[in-house]
Amino acid sequence: MSTMLAARLDSTAIPSPQLPSPSIRLRFSPPAGSRSRSLAPRAAASATAVATKPAAAAAAPLSADRTVVRIGLPSKGRMAEQTLSLLKSCQLSVRQLNPRQYTADIPLIPNLEVWFQRPKDIVRKLQSGDLDLGIVGFDTVSEYGQVNDDLVVVHDALDFGQCRLSLAVPKGGIFENIHSVEDMAKMPEWTEEQPLRVVTGFGYLGAKFLKENGFKHVRLLSADGALESFPPMGMADAIVDLVSSGTTLRENNLKEIEGGVVLESQATLVASRRSLHKRNGVLEITHELLERLEAHLRASTELMVTANMRGNSAEDVAERVLSLTSICGLQGPTISPVYCRRDGKVAVEYYAMNAVVPQKLLYKAIQQLRSIGGSGVLVTKLTYIFDEETLRWRDLLTELGL
Ligand SMILES: Nc1ncnc2c1ncn2[C@@H]1O[C@H](COP(=O)(O)OP(=O)(O)OP(=O)(O)O)[C@@H](O)[C@H]1O
Ligand SMILES: O=P(O)(O)OC[C@H]1O[C@H](OP(=O)(O)OP(=O)(O)O)[C@H](O)[C@@H]1O
Ligand SMILES: [Mg+2]
């Protein structure tokens, strides 16, 4: 049975399990997709800031006697495996000698210690100075990262754990004709005596969202899991929970409504600002992680295609290849002669064409290459595409004032 706590939402306080006072600073950066997304958590709630930082939440001092850098990775749940697999794809395999141990290492980065922790504890330990870096969902960073503004989202889109924090209500009954948050806030059913009961594991974000959307009479209930069962059981009117495929909502006769997305989330790499500034090695390790992650994720949607083409010259082959819509390469295709021996002499009859092709255009590229005389087409996966510079790194330095 889930634990359940109740909090009343009034016009001044935003309850949060970890906040000593209702004065909270919520810091969202610009939406992902923009050039400056390196420090940019994606937030449907794009609003910046509510009030000031609570004095009691000032950052704990950094322990100077720790020389090793620490990264927190999810110890369990759906993100644990995908985090390890992403790191492995970047040649950063995590070596855990004993599965019952909470520590591990990454042989390629000797000064980095891995700590397996629950996602919310990763955020808390970043804030307390016990961790320097972490991989967690943006939802968790946003919910538990409000105590101080020490957290920096270094990579906002690690391309797994995609979900949204959303308000959902029963499909029928009093909600049958309710299709938007606006409609819902105006429902006459919610009174001081009988407030809207919303169950959520996201007390801070949920309360903030409801308040910003004009809900006056709300009773916030906190629960750990199976939130979707609360409305059908009559224990709550609505939920604020994570949605991915929407299956759990559907199976429980719940629906999302227009304007009800509180936050878009996916896995992020987060760092402690103080560690980046003050702890030896953190900035360098963050740079390497960021370079590898960004280059790997950039490469993950592309394939390298090599084909042999008959031609009179490299230019002749290039002319034909450049006429294809599916092959553009990074800077353009590379065309190089394939040497063979003819009548005792070195000759060139074929040229090899190399180009990076978006995965979704692969089949079209092969058809088009064949149509201009391409043969022996080889397709290889790419591990990395390193650009001239890592955009997120530049943004991080700017954010840190370096
Ligand atoms: N259905 C989902 N699809 C994709 N990502 C999700 C989904 N649910 C949660 N996530 C992401 O994965 C993170 C971890 O969720 P997970 O369910 O593994 O742990 P938890 O809910 O914090 O713990 P537990 O379920 O054990 O109480 C979430 O913070 C969120 O970022
Ligand atoms: O939209 P869907 O793809 O159906 O996913 C949404 C469900 O996933 C999460 O639950 P989880 O599986 O983590 O179980 P939990 O409630 O125990 O956390 C979330 O809390 C939803 O219940
Ligand atoms: Mg869960």
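Residues numbered from 1 in each chain as written. Chains lettered and ligands numbered in written order. Predicted model: local features only at pLDDT ≥ 70, side-chain atom pairs only at ≥ 80, totals over all residues. Heavy atoms only, no water.

By the naming in an unreviewed UniProt entry, the protein chain is ATP phosphoribosyltransferase, taken from Panicum virgatum. You can read under Function (unreviewed entry) in the UniProt record for the protein chain the words "Catalyzes the condensation of ATP and 5-phosphoribose 1-diphosphate to form N'-(5'-phosphoribosyl)-ATP (PR-ATP)." Reading the Cofactor (unreviewed entry) entry of the UniProt record for the protein chain gives the comment "Mg(2+)". (UniProt positions renumbered as here; feature names shortened; annotations may be inferred.)

For the rest of this paragraph, the subject is the site of ligand 2. What surrounds ligand 2 is the set Arg78, Gly225, Ala226, Glu228, Asp241, Leu242, Val243, Ser244, Ser245, Gly246, Thr247 and Thr248. Between ligand 2 and Glu228 there is a distance of 2.7 Å, counted from an oxygen atom to a side-chain nitrogen or oxygen. Between Thr248 and ligand 2, the recorded distance is 2.4 Å, taken from a side-chain N or O atom to an oxygen atom. Burial of ligand 2 by the surrounding chains reaches 63%, relative to a free accessible area of 500 Å². Counting only elements with at least two residues in the shell around ligand 2, the list comes to strand 10 (238–243) and helix 6 (247–251). Per element, the largest residue contribution to the shell around ligand 2 is three residues, and it comes from strand 10. The class makeup of the residues in the shell around ligand 2 is three nonpolar, six polar and three charged. (Near = heavy atom within 4 Å. Polar contact = N/O pair within 3.5 Å; in protein donor to acceptor, adjacent residues only side chain to side chain. Areas by Shrake-Rupley, 256 points an atom, 1.4 Å probe, with all protein chains shown as cover. Helix = DSSP H or I, 4+ residues; strand = E, 2+ residues; numbered from the N terminus. Nonpolar A, V, L, I, M, F, W, Y, C, P; charged D, E, K, R; others polar.)

Take the confidence of the model for the protein chain next. Within the protein chain, residue pLDDT values average 86, and 84% of them lie at 70 or more. A low-confidence stretch, residues 10–56 (pLDDT under 50), is modelled with 122 contacts involving residues beyond four sequence positions or located in other chains. If you check the scores for this complex, the pTM reads 0.85 and the ipTM reads 0.97. (pLDDT = per-residue confidence, 0-100. Contact = heavy atoms within 4.5 Å.)

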